[in-house]
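Residue strings, one per chain:
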Amino acid sequence: MGRLWRSIRIGMLVLVTLALLAQPVTWQTAGQQAKQAAAPVSLKDRPIVALTFDDGPRAGTTDQLLDGLAQRGIHATFFIIGMKMEDNEDLLVRMEVEGHQVGIHSNHHKILSGLNGADFVEEVDNLKDRMKDLLGREDFMLRPPYGMLNTTVQNRASSPIILWSVDPRDWEDHDTARQVKHVMDNVRDGDIILLHDIYPSSVETALEVVDKLMAQGFYFVTVEELFALRGIEPENGKVYQKLPPQE
């Protein structure tokens, strides 16, 4: 169900974008909180950005984040730690069903560039198998812990490697105001924002950033939707930090 919804949503976004080349399309706001799904500005005229989260899932924060995203009609991308899946499988299924993208971070948050072949399989491929069994698909993008990689990691990866272009370093403190300011000062069309869904302060940061960027006309997409809307086919082993508009 989740995979079908994701495919339908990507297809709809691409079709809307193509349609906008012929004529403008607008959406009407609904309710007191202007949801993205009812944004009053056409997608053609709006910057797009991917909101991503590492190191979860974590009960008590990830579910709170999912609630906030659902209220705003926002979809995000979550890079999962395998050892945190136990007892939190329901959160991954919820992500999938609600239209979010799920990716691989690693099993134990180890630096992948320092691993031999067998250990890489344990950290990445085995997690991929577990997620495939749970979610019923196998197209998971990879984000190496700490963003550390080398050509060996690229050659071993059987998926695109997704880094980021905006990082408020939310793990350093719990200062939501500072984190929000950093994102707002640095975000641009096509950026990939990095946050962590394991800190209550980061959940607050994420939702405040969403509200502020929506008010500025930004449209939120998953990473795979960002590729589709930019007309770029992601390549296995290739590293991506952002996808700005094509000149």
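Everything below is about the structure shown above.
Residues numbered from 1 in each chain as written. Predicted model: local features only at pLDDT ≥ 70, side-chain atom pairs only at ≥ 80, totals over all residues. Heavy atoms only, no water.

Colleague: Is there a simple way to think about unusual backbone geometry in this case?
Modeller: The phi torsion of most residues other than glycine is negative, and most of the peptide bonds are trans. In this model, Gly 56 is joined to Pro 57 through a cis peptide bond whose omega is 5°. Take Pro 57: it is sitting in the loop between β1 (48-56) and α2 (62-72). The backbone of Asp 87 shows a phi angle near 70°, a positive value even though the residue is not glycine. Structurally, Asp 87 is set in the loop between β2 (77-81) and α3 (89-97). With a phi close to 155°, Ser 106 is a non-glycine residue in the positive phi region. Tracing the sequence through the fold places Ser 106 in strand β3 (residues 101-106). (Helix = DSSP H or I, 4+ residues; strand = E, 2+ residues; numbered from the N terminus.)

Colleague: Would you take a moment to explain the packing of aromatic side chains for this structure?
Modeller: In this description, a pair of aromatic rings is defined by centroid distance and the angle of the planes. The final tally for this structure, using the stated rule, is 2 aromatic pairs. On the numbers, 5.2 Å between centres and 20° between planes, the contact of Phe 53 with Phe 78 is stacked. A residue pair is termed long-range when its members are at least 10 positions apart, and Phe 53 in strand β1 and Phe 78 in strand β2 qualify at 25 residues. On the basis of an interplanar angle of 90° and a centroid distance of 4.7 Å, the ring pair of Phe 227 and Tyr 240 is categorised as edge-to-face. (Phe/Tyr/Trp six-rings, centres within 6.5 Å; stacked < 30°, edge-to-face > 60°.)

Colleague: Please explain empty space enclosed by the protein as it appears in this structure.
Modeller: In this approach a probe as big as a water molecule rolls over the atoms, and the regions it shows empty are the leftover space. Summed over the entire model, instances satisfying the criterion amount to 1 cavity of 30 Å³ or more. Size it by volume and the largest cavity reaches roughly 40 Å³. Ranked by residues supplied to the lining of the largest cavity, first place goes to helix α4 (residues 117-135) with 3 residues. (1 Å grid on protein atoms, 1.4 Å probe; cavity = no way out; pocket = protein on both sides within 12 Å on 5 of 7 lines; lining within 4 Å. Points joined across faces, edges and corners; volume = space filled by probe spheres on them.)

Colleague: Sorry, what's going on with the pattern of salt bridges here?
Modeller: Within the structure shown, the criterion is met by 11 salt bridges. Residue Arg 72 is joined to Asp 211 by a salt bridge in which the shortest nitrogen-to-oxygen separation is 2.7 Å. Here Asp 211 lies in helix α7 (residues 200-215) and Arg 72 lies in helix α2, a separation of 139 residues in the sequence. Taking the relative accessible area as the measure of exposure, Arg 72 reaches 12% and is therefore buried. Close ionic contact of Arg 137 with Glu 96 constitutes a salt bridge, the shortest N to O distance being 2.8 Å. Highlighted residues: Arg 137 in the loop between α4 and α5 (151-156) and Glu 96 in helix α3, separated in sequence by 41 residues. Overall, the relative accessible area of 3% leaves Glu 96 in the buried class. Each of Asp 67, Arg 94 and Glu 98 takes part in a single network of salt bridges with overlapping partners. (Salt bridge = Lys/Arg side-chain N within 4 Å of Asp/Glu carboxyl O. Buried < 20%, exposed > 50% of the residue type's maximum accessible area, 1.4 Å probe, protein only.)

Colleague: What is the right way to look at a negative patch on the surface in this model?
Modeller: Taken together, the side chains of Glu 86, Asp 87, Glu 89 and Asp 90 define an acidic patch exposed on the protein surface. Residue Asp 87 is classed as exposed on the basis of its relative accessible area, which comes to 66%. (Patch = residues over 30% accessible without salt bridge, like charges linked within 9 Å, V, L, I, M, F, W, Y side chains within 5 Å. Areas by Shrake-Rupley, 256 points an atom, 1.4 Å probe, with all protein chains shown as cover. Lys, Arg positive; Asp, Glu negative; His and termini not counted. Charge placed at Lys NZ, Arg CZ, Asp CG, Glu CD.)

Colleague: For this particular structure, what's the right way to read the environment of Arg 178?
Modeller: Take Arg 178: it is sitting in helix α6 (residues 176-186). Distance in space between the C-alpha atoms of Arg 178 and Pro 168 is 8.1 Å, their sequence separation being 10 residues. Excluding residues within four positions of it along the chain, Arg 178 makes contact with Pro 168, Arg 169 and Asp 173. (Contact = heavy atoms within 4.5 Å.)

Colleague: What should I look at first to understand α4 in this one?
Modeller: An α-helical turn contains 3.6 residues, so any two residues separated by three or four positions project in the same direction. Here α4 is 19 residues long and its end C-alpha atoms lie 26 Å apart, about the 27 Å a rise of 1.5 Å per residue gives. Approximately 30° is the largest bend angle found in α4, and it occurs at Glu 123. When we look at burial in α4, the residues that qualify are Phe 120, Glu 123, Val 124, Leu 127, Lys 128, Met 131 and Leu 135. Contact partners of the buried residues in α4: β2, α3, β3 and α5. Structurally, the start of α4 carries an N-cap: the backbone nitrogen of Ala 118 is 3.2 Å from a side-chain oxygen of Asn 116. (Expected span 1.5 Å × (residues − 1). Bend = angle between axes of the 7 residues up to and from the residue. Polar contact = N/O pair within 3.5 Å; in protein donor to acceptor, adjacent residues only side chain to side chain.)

Colleague: What exactly am I supposed to notice about the environment of Asp 170 here?
Modeller: With respect to the element layout, Asp 170 can be found in the loop between β4 (161-162) and α6. Here Asp 170 falls in the buried class, since its relative accessible area comes to 0%. Setting aside its immediate chain neighbours within four residues, Asp 170 contacts Gln 179, Leu 195, His 196, Tyr 199 and Ser 202. Within the structure, the side chain of Asp 170 is placed 2.6 Å from the side chain of Ser 202, a separation counted as a polar contact.

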